[in-house]
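# Observations on the model geometry
Each chain, letter by letter, is given below.
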Amino acid sequence: KYITELRVMPDSSLIGQSVGDAKLGEQYGVFVLELLRGDTKVWGPRAQKIEQDDVLLARGDWTKLEQVLKQAGLGVSPT
């Protein structure tokens, strides 16, 4: 299992969905632990709507993380 920061890119299919509605855990086995938006950190962000440039602190197998990166329009955050 890995933990990484995934940045929501402008063309992401996740924009406008809540973290819970995105079902990343069910679809990919990737679990969002925290949402970072600017200086704000939201722990357990299931109800939070995803916006462009949000950073999702996510946990999962590397192959699953790569899948969600490609299919959901995310990038690895350079922080």
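Provided above is the structure to which this section pertains.
Note that the structure is a prediction, hence the values are computed from the model and not measured.

## Some thoughts on unusual backbone geometry
The residue Lys-23 is not glycine, and still its phi comes out positive at about 50°. Mapped onto the secondary structure, Lys-23 falls in the loop between α1 (19-22) and α2 (24-28). Using a relative accessible area of 42% as the deciding quantity, one classes Lys-23 as partly exposed.

## Brief notes about a nonpolar patch on the surface
Side chains of Tyr-2, Trp-62 and Val-76 sit close together on the surface and give an oily, nonpolar patch of about 300 Å² of accessible area. Examined against the element boundaries, Tyr-2 turns out to sit in strand β1 (residues 2-8).

## Looking at the sheet that holds strand β2 (residues 31-37)
Within the open sheet, the five strands sit side by side as β3-β2-β4-β1-β5. Their pairing is antiparallel. Each of the sheet's edge strands pairs with one partner strand only, and the pair in question is β3 (40-43) and β5 (74-76). Averaged over all adjacent pairs, the angle separating strand axes in this sheet is 30°, with direction ignored. Running at roughly 5° to β1, helix α3 (residues 62-72) makes contact with β1, β4 (55-60) and β5 of the sheet.

## Thoughts on the pattern of salt bridges
Tallied over the entire structure, the rule returns two salt bridges. In this structure, Glu-51 and Arg-37 form a salt bridge, with 3.5 Å as the shortest nitrogen-oxygen distance. Taken together, the positions of Glu-51 in the loop between β3 and β4 and Arg-37 in strand β2 put the pair 14 residues apart, joining distant regions of the chain. Overall, Glu-51 belongs to the partly exposed group, its relative accessible area being 40%. Note that Asp-54 is salt-bridged to Arg-37, the shortest N-O span being 2.7 Å. Of this pair, Asp-54 sits in the loop between β3 and β4 while Arg-37 sits in strand β2, and the two are 17 residues apart along the sequence. Owing to a relative accessible area of 23%, Arg-37 belongs among the partly exposed residues under this scheme. Salt bridges sharing common partners tie together Arg-37, Glu-51 and Asp-54.

Parameters and conventions
- Starting afresh in each chain, residues are numbered from 1 along the sequence in its written order.
- Restriction of local features to residues with pLDDT of at least 70 applies here, the model being predicted, together with a cutoff of 80 or more for giving and counting side-chain atom pairs; totals for whole chains, interfaces and linings are based on all residues.
- Hydrogens and water are ignored here; the side-chain numbers use all heavy atoms of the structure.
- Runs of E in the DSSP output that reach at least two residues are strands. Runs of H or I that reach at least four are helices, and both are numbered from the N terminus.
- Each residue's exposure class comes from its accessible area (1.4 Å probe, protein chains only) as a fraction of the maximum for that residue type: buried when under 20%, exposed when over 50%, partly exposed otherwise.
- Each patch groups residues whose relative accessible area exceeds 30% and which form no salt bridge, using 9 Å between like charges and 5 Å between nonpolar side chains of Val, Leu, Ile, Met, Phe, Trp and Tyr.
- Each accessible area is a Shrake-Rupley estimate made with a 1.4 Å probe; only the visible protein chains count as cover when residues are assessed.
- Any carboxyl oxygen of Asp or Glu that lies within 4 Å of a side-chain nitrogen of Lys or Arg is treated as forming a salt bridge with it.
- Strand pairing requires that DSSP identify at least two bridges connecting the strands.
- The angle between two axes is taken between their N-to-C directions and runs from 0 to 180 degrees, where each axis is a line fitted to C-alpha atoms and a helix contributes only its stretch in contact.
- Contact between two residues is taken to exist if any of their heavy atoms lie within 4.5 Å; hydrogens are not considered.

These values are about where atoms sit, not about what they do.
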